[in-house]
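Survey of secondary and tertiary structure
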Amino acid sequence: MTGVRPPAFAGAVLSLVAVLLASAPTAAGVRVALTPGSPRVGDVSLVVVQGIPDGATVEGAVAGRALVFFPYAGGAAALAGVDFETRPGRYRWKIAVVNGADPPVIRTGRLTVRARRFPVERLTLPEGMVELDAETTRRADAEEARLKTLYATVTGERLWRGRFTAPVASPKPPSGFGARRIINGRARSPHGGLDYAADRGTPVVAANAGRVVLVGDFFFPGRLVVIDHGLGVHTAYFHLDGVTVAEQDLVDQGQPIGEVGSTGRATGPHLHFSASIGSARIDPAALLRLSARD
Ligand SMILES: [Zn+2]
């Protein structure tokens, strides 16, 4: 080689070009997929973001609800829950890939939330379980508020993995999610869980790994367990006969947490199983159908 060297500025220009070549296709390569892309009310969409530059973070929202992303399949993913009382229609989603001082890469789109026909259930219950005195009303309201606060709590560590599984072995398919309930002839709030018929004493198991954040004996839910699966995902198990876990216990998927009973407002032994993502109350069946691979 001769001793001729390019001027220093040429080297700087060359390395700038190299940086542009390295980063431009990466930023342009950010891809977002929502599955399902047109969920029904009560469904869960898996939001997968691929082509994220090294060191970048992902944030976003669907229909105004913030998403909580976790590393997934070489990119990032989040669960978007569609509350079962959402009005069907078109909603915006927005994803931002934030990489240091660079301008964020923004992707936006719309998703259609489809309507769903819910059953109407007519129930007859003892008046004492329907027409509450003032003190019992206060108690039931306080318990409901406590559950709402718990479900809205987003803990930062993802504890769930892979598929969510049914919490109990039942002789028939679960039913009743979203049912418009008419109790003793009067319309009441819709039913936010899935009811599994099972005999008293049938083991109830955790639908996925998580932390037990509430064990209680509430007026309507009866004996109950709430599990925090991390990143805003909670499942709840009502009307239990007995509970075999304590608050703060870490549980594995399939680990027994109690037995089926009929405590609280129940017409007979069954498991009431509910699920939420952030404050969105979702169909537990949608969580069980979720196609997360890891
Ligand atoms: Zn129920």
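Structural data are supplied above this passage.
Read on for an overview of the structure. Since this is a predicted model, take the numbers as computed values, not measurements.

1. A word on the overall build of the protein
Each helix and strand counted, the protein has three helices and 20 strands in total. For the protein, the spread of C-alpha atoms along the principal axes amounts to about 100 × 40 × 35 Å. A total of 294 residues make up the protein; the buried ones form 45% of that total. A separation threshold of at least 6 residues defines the contact pool for the protein, and within that pool the share at least 24 residues apart is 69%. As presented, the protein carries roughly 14900 Å² of accessible surface, and 55% of it is formed by carbon and sulfur atoms. The positive charge centre, built from 33 side chains, and the negative charge centre, built from 26, are 10 Å apart in the protein.

2. Here's the deal with the layout of surface pockets
Each pocket or cavity is described by its volume, and for the second largest pocket that value is around 380 Å³. Along the walls of the second largest pocket sit 26 residues, with Arg-65, Ala-66, Ala-80, Gly-81 and Ile-277 positioned nearest its centre. Of all the secondary-structure elements, those providing two or more residues to the lining of the second largest pocket are β4 (65–66), β6 (75–81) and β8 (105–113). Counting residues per element, the lining of the second largest pocket draws most heavily on β6, which supplies three residues.

3. Describing the side chain of His-191
Position of His-191 relative to the elements: it lies in the loop between β11 (186–187) and β12 (194–197). Of the polar contacts made by the side chain of His-191, one reaches the backbone oxygen of Gly-193; its length is 3.1 Å. At 3.0 Å, the side chain of His-191 and the side chain of His-272 are in polar contact. Excluding residues that lie within four positions of it along the chain, His-191 makes contacts with Phe-84, Gly-176, Phe-177, Gly-178, Ala-179, Arg-181 and His-272.

4. Describing the coordination of the zinc ion
In the first shell of the zinc ion, the protein supplies His-191 (NE2), Asp-195 (OD) and His-272 (ND1), at 2.1 Å from the metal. Each donor residue of the zinc ion belongs to the same chain, with the gaps between them written as H-x3-D-x76-H. Of this pair, His-191 sits in the loop between β11 and β12 while His-272 sits in strand β19 (residues 270–277), and the two are 81 residues apart along the sequence. Here His-191 falls in the buried class, since its relative accessible area comes to 6%.

5. So, the sheet that holds strand β9 (residues 120–123)
Paired through backbone hydrogen bonds, the strands of a sheet run either parallel or antiparallel to each other. Pairing is mixed across the open sheet formed by three strands, whose spatial order is β9-β10-β11. Only two strands of the sheet have a single neighbouring strand rather than two, namely β9 and β11. Sheet topology places β9 next to strand β10 (residues 180–183); four bridges connect them, and they run parallel. Bridging from a neighbouring strand, Leu-123 pairs with Ile-183 of β10.

6. Topic: the nonpolar core
Soluble globular proteins tend to bury their nonpolar side chains together. Core analysis: the biggest nonpolar cluster contains 62 residues, and Phe-69, Tyr-237, Ile-257 and Leu-271 have the highest contact counts within it. Those residues within four positions of Ile-257 in sequence are excluded, and the remaining contacts are Val-204, Val-205, Ala-206, Val-225, Ile-227, Tyr-237, Gly-242, Val-243, Thr-244, Val-245 and Val-251. If you look at the next biggest cluster of nonpolar residues, it comprises ten residues, including Leu-147, Leu-150, Val-213 and Phe-238.

7. Describing the pairing of strand β14 (residues 210–218)
In the case of a regular strand, side chains alternate between the two sheet surfaces. The pairing of β14 with strand β17 (residues 250–251) spans two bridges and is antiparallel. Residue Gly-210 lies in a different strand from β17, and its bridge partner there is Val-251. Judged from the seven bridges that link them, β14 and strand β15 (residues 222–230) form a sheet pairing that is antiparallel. Within the sheet, the bridge partner assigned to Val-215 lies in β15 and is Val-225. Counted along the chain from β14 to the antiparallel partner β15, the turn is three residues long.

The rules behind these values
- Residues numbered from 1 in each chain as written.
- Predicted model: local features only at pLDDT ≥ 70, side-chain atom pairs only at ≥ 80, totals over all residues.
- Heavy atoms only, no water.
- Helix = DSSP H or I, 4+ residues; strand = E, 2+ residues; numbered from the N terminus.
- Buried < 20%, exposed > 50% of the residue type's maximum accessible area, 1.4 Å probe, protein only.
- Contact = heavy atoms within 4.5 Å.
- Areas by Shrake-Rupley, 256 points an atom, 1.4 Å probe, with all protein chains shown as cover.
- Lys, Arg positive; Asp, Glu negative; His and termini not counted.
- Charge placed at Lys NZ, Arg CZ, Asp CG, Glu CD.
- 1 Å grid on protein atoms, 1.4 Å probe; cavity = no way out; pocket = protein on both sides within 12 Å on 5 of 7 lines; lining within 4 Å.
- Points joined across faces, edges and corners; volume = space filled by probe spheres on them.
- Polar contact = N/O pair within 3.5 Å; in protein donor to acceptor, adjacent residues only side chain to side chain.
- Donors = N, O, S within 2.8 Å, 3.2 Å for Na, K, Ca; no water.
- Pairing = 2+ DSSP bridges.
- Core = buried A, V, L, I, M, F, W, Y, C linked by side-chain atoms within 4.5 Å.

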